[in-house]
Amino acid sequence: MNPSEEFLEQGISQQNLRKASCMTVATLAYQSLGVVYGDLSTSPLYVYKTTFSGKLSLHENDEEIYGVFSFIFWTFTLIALFKYTLIVMSADDNGEGGTFALYSLLCRHARLSILPNQQATDEKLSAYATHGSMETWQSSALKSFFEKHPRFRTGLFILVLLGTCMAIGDGVLTPTISVLSAVSGVRLKITALHENYVVLISCVIIVGLFSLQHHGTNTVAFMFAPIVAAWLLCISSIGIYNIFRWNPHIFRALSPVYMLKFLKRTGIEGWISLGGVVLSITGVETMFADLGHFSSLSIRVAFSFLVYPCLVLAYMGEAAFLSKHHEDIQRSFYKAIPEAVFWPVFIVATFAAVVGSQAVISATFSIISQCCALNCFPFVKIIHTSSKIYGQIYIPEVNWILMCLCLAVTIGLRDTNMMGHAYGLAVTTVMFVTTCLMALVILIVWKQRIAIAVAFLVIFGSMELLYISASVYKIPEGGWIPLALSFIFMAIMYIWNYGTTKKHEFDVENKVSMNRIMCLGPSLGMVRVPGIGLIYTNLVSGVPAVFGHFVTNLPAFHQVLVFVCVKSVQVPYISEKDRLMIGRVGPKEYCMFRCIVRYGYKDLQQENYDFENRLVSGIVQFVEAEEDTTLKTTFISACGREVGNMDIEKFDAQNQDHSFTNSKSSDILETKIRKGHGGGAPLKDESLQILRAKESGVAFILGHSYAKAKKSSSIVKKFAINVVYSFLSKNCREPDVVLNVPHTSLLEVGMIYHV
């Protein structure tokens, strides 16, 4: 029976079902206005002003104004409407979008993963699915190329980091240019107001904006969509008014011929001014990045039927006004507003600038969270601001750093034209990175012909390179800001990723052999005391070197031993039933287990996670579900093969149970487990032993590794490892904090490794 027949049996007609679906799409489209389009819709505040700055201000004839509007229209249409709305948004990763989503797709299909502890069992996750159309010779050749040339894999990774860091730079530049552009309009009515007061008011708004972040966007989310909707209707209405009053023939500028005329008449000044034109599409990357919060259809509907026509009318109306008021080119937006509605529009513009800034700040939090999951950024404190909306988070350290950077840019530059030059370079770089990744997705993931990928790269890449070249020319006039910010963030990300990778390699090289463990016997060569010992490790297989230190130096250890590995998988989300993967290490009499805690790159690792009880419940259920596998396990261990190889991974995956309980009482835990295994069936002796061990106490052992550069290393590497990575390691969050480990039960073991 298909779904429609089921609905008909329940008394729901096909017509009402379609109405319900349309209503859902319409609701999501309306909600997306405040989250997705705040940044994009405030661009008219500064586009013409920035474009006609510099020497182009000497060319203020109608032909130049027509040419700039023609560039804005076709840039907006080709990149925002065709590239992003129609093509890029189709390349989602299980409903998630953004730079990391594209890179995640490529990592899974071409095995480009930057995460070192991936397993074959991860590929069994439903979100990991890589099946699709048949392989083509182009996709196979490209995969082989990346496999044979690791330097190109590293280059692709650096390209992704560049796009990510430029996107983080947007989180600094968007609040500054949006708020300052909105507030500066007040000087048209209060001419005696000094520029310093405008900067001061902007700084107060920025401080207030960042101070409210800890409340979360959910607190004021109901205000966002109406503000953006009112803003779009205001600027489109004013645009229509200006078209009919000042220049009804402005529609002629829709012809691309005016772009050629513009470049021919203005020459190099016209080419340089394109760095201002590209500001008209700031925020289009947010459409793709925020795909996970809405549906692709709802975002497309909102853009195609409201955002796109409203912004085109706004730009067209402003061009019509400028064609008759060349002297107002630097104050065109507010000058084009009719006198009767100036103050209402000014208030709405200020609120819209705040909303647009809020969307970019929230996106920055999300990007940093994903970087942490992919070992590209030190672990920071992540706070959930909504119990109902999953993706709303707040990162205190990042919030205050962004605020300080925004204030520094606002006070330091004080000029929206210079901010626009910096903003344009950041935006175009992110877009070009997306274009490059999308071309690879077309070949490797979608398995299309190489001609299609090349056409996509040439058409859109050439446009974006044109705008990048114009923005690069403005580096001395403000374009250096995103470069400096990106260099700092890229250095942090690359050093952190390099250090953690070397740490994992050190752990793999120095892990204890199973032969040594087996030779010690079930007692492991020491007294086994009541209780459970949890040893945190980066390894998904083998015994970590930390445990070797215990075996060598400590006379006693716990009765039950569990190796815990917290790792990320290159999928956006992992369901709770697949969160823990539990298996046995060695024969049963050794009472050693391994627990792998898996998270997706957009999963939020809860600090109130009831990990201890969930883990014990999972181990007991694993033991109860385990059948005659002792001989197989003992044989593999006795032969010296490490638990965690392909054979044992398959064995673990077949025999694990992922049903857990949040009860803190072992009696309730035992009752629930009994119900899950045939009603009142008695528990096995080993299960009872594990429950009694839990009652005796749980100890958490964490290996704390300290990296040091070798004496033969260069000065740059010594500074990066001994200073930068060491500082980040000491100030980042450890897994014990994420899993809410009590400090009274925590024991850290220090180790030094040389890279």
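Residues numbered from 1 in each chain as written. Predicted model: local features only at pLDDT ≥ 70, side-chain atom pairs only at ≥ 80, totals over all residues. Heavy atoms only, no water.

**Q** How should I be thinking about the overall build of the chain in this particular structure?
**A** A tally of helices and strands in the chain yields 29 helices and 8 strands. Here the chain holds 755 residues, and 56% of them are scored as buried. Within the chain, residue pairs in contact and separated by at least 24 positions form 84% of the contacts whose partners lie at least 6 positions apart. Here the chain has roughly 31000 Å² of accessible surface; of this, 62% comes from carbon and sulfur atoms. (Helix = DSSP H or I, 4+ residues; strand = E, 2+ residues; numbered from the N terminus. Buried < 20%, exposed > 50% of the residue type's maximum accessible area, 1.4 Å probe, protein only. Contact = heavy atoms within 4.5 Å. Areas by Shrake-Rupley, 256 points an atom, 1.4 Å probe, with all protein chains shown as cover.)

**Q** Honestly, the packing of helix α11 (residues 257-266) against helix α12 (residues 268-277) in this entry has me stumped. Any pointers?
**A** How two helices sit against one another is set out by the angle between their axes and by the gap between those axes. In the contact formed by α11 and α12, the axes pass within 5 Å of each other and the chain directions differ by 120°. The angle between α11 and α12 places the two elements in the oblique class. Contact residues: F262, L263 and T266 in α11; I268, E269, G270, W271 and S273 in α12. In the contact of α11 with α12, the residues fall into 4 nonpolar, 3 polar and 1 charged. (Axes fitted to C-alpha atoms, helices over the stretch in contact; angles between N-to-C directions. Parallel < 35°, antiparallel > 145°, perpendicular 65-115°, else oblique. Nonpolar A, V, L, I, M, F, W, Y, C, P; charged D, E, K, R; others polar.)

**Q** Can you walk me through unusual backbone geometry in this structure?
**A** If a residue is not glycine, its phi is most likely negative; likewise, a peptide bond is most likely trans. One non-glycine residue, K447, adopts positive backbone phi at about 60°. By the element assignment, K447 lies in the loop between α18 (416-444) and α19 (450-472). Its relative accessible area of 9% is what places K447 among the buried residues. Residue C591 is not a glycine yet carries a positive backbone phi of 55°. In this fold, C591 is placed in the loop between β5 (580-584) and β6 (592-600).

**Q** What exactly am I supposed to notice about the nonpolar core here?
**A** The tendency in soluble globular proteins is for nonpolar side chains to be buried as a group. Counting 161 residues, the largest nonpolar core has L33, Y37, Y48, F76, F303 and Y334 as the members making the most contacts within it. Beyond its immediate chain neighbours, meaning those up to four positions away, Y37 contacts S32, V228, M287, I299, A302, F303 and V307. (Core = buried A, V, L, I, M, F, W, Y, C linked by side-chain atoms within 4.5 Å.)

**Q** Even after reading the chapter, I still don't get the packing of aromatic side chains, so can you show me in this structure?
**A** Centre-to-centre distance and the angle between the planes together describe a pair of aromatic rings. Per the stated rule, a full pass over the model turns up 26 aromatic pairs. Between F145 and F152 the ring centres are 4.7 Å apart and the planes differ by 55°, which places this aromatic pair in the tilted class. Between W246 and F321, the aromatic rings sit 6.0 Å apart at their centres with planes inclined by 80°, giving edge-to-face as the arrangement. Of this pair, W246 sits in helix α10 (residues 217-246) while F321 sits in helix α14 (residues 296-322); the two residues are 75 residues apart in sequence, bridging distant segments of the chain. (Phe/Tyr/Trp six-rings, centres within 6.5 Å; stacked < 30°, edge-to-face > 60°.)

**Q** Could you clarify how one ought to interpret the pattern of salt bridges in this entry?
**A** In a structure, side chains of opposite charge can pair up when their charged atoms sit close to one another. Applying the stated criterion across every chain, the model contains 10 salt bridges. The salt bridge partner of E477 is K474, with a shortest N-O separation of 3.4 Å. Here K503 and D507 are joined by a salt bridge, their closest N and O atoms 3.6 Å apart. Highlighted residues: K503 and D507, both in helix α20 (residues 480-509), separated by 4 residues, approximately one helical turn. By relative accessible area, D507 is classed as buried at 12%. Each of E576, R579 and R614 takes part in a single network of salt bridges with overlapping partners. (Salt bridge = Lys/Arg side-chain N within 4 Å of Asp/Glu carboxyl O.)

**Q** Where do I start with helix α9 (residues 195-211) in this structure?
**A** Two residues of an α-helix separated by three or four positions point the same way, owing to the 3.6 residues in each turn. Counted at 1.5 Å a residue, the expected span for α9 with its 17 residues is 24 Å, and the 24 Å between its end C-alpha atoms agrees. Listed as buried for α9 are V198, V199, S202, C203, I206, L209 and F210. Along α9, the residues classed as buried sweep out an arc of 135° about the axis, all on the same side. Summarising the geometry of α9, the exposed residues directed more than 90 degrees from the buried face are L200 and V204. Looking at the buried side of α9, the elements it contacts are α8 (150-183), α16 (342-373) and α17 (396-413). (Expected span 1.5 Å × (residues − 1). Arc of directions from axis to C-beta.)

**Q** Which parts of the structure should I look at to understand the pairing of β5?
**A** The side chains of a regular strand alternate between the sheet's two faces. With 5 of its 5 residues buried, β5 lies for the most part within the structure. Of the two faces of β5, the one holding L580, I582 and R584 and the one holding M581 and G583 are both buried throughout. As paired elements, β5 and β6 share 5 bridges and run antiparallel to each other. When the sheet's bridge partners are listed, M581 is paired in β6 with I596. (Pairing = 2+ DSSP bridges.)

**Q** Can you help me understand the environment of P44 in this one?
**A** For P44, the location among the structural elements is in the loop between α3 (38-41) and α4 (47-51). Residue classification places P44 among the buried positions, given a relative accessible area of 1%. Along the primary structure P44 and L311 are separated by 267 residues, whereas in three dimensions their C-alpha atoms are 7.8 Å apart. What P44 contacts, discounting residues up to four positions off in sequence, is I235, L311, Y315, E318 and F333.

**Q** Sorry, what's going on with the confidence of the model for the chain here?
**A** Low-confidence regions, as indicated by low pLDDT, have predicted coordinates that should not be scrutinised in detail. In the predicted model, the chain carries a mean pLDDT of 80, and the fraction of residues at 70 or more is 85%. In the model, residues 1-17 has pLDDT below 50 throughout and makes 8 contacts with residues more than four positions away in sequence or in other chains. Long-range and interchain partners of residues 628-670, a stretch whose pLDDT sits below 50, account for 90 contacts in this model, where long-range means more than four residues apart. (pLDDT = per-residue confidence, 0-100.)

**Q** What is the right way to look at the side chain of T282 in this model?
**A** Position of T282 relative to the elements: it lies in the loop between α12 and α13 (284-289). By relative accessible area, which is 0% here, T282 ends up buried. Among the polar contacts made by the side chain of T282, one reaches the side chain of S43 at a distance of 2.8 Å. Apart from residues lying up to four places away in sequence, T282 is in contact with D39, L40, S43, Y46, Y423 and V427. (Polar contact = N/O pair within 3.5 Å; in protein donor to acceptor, adjacent residues only side chain to side chain.)

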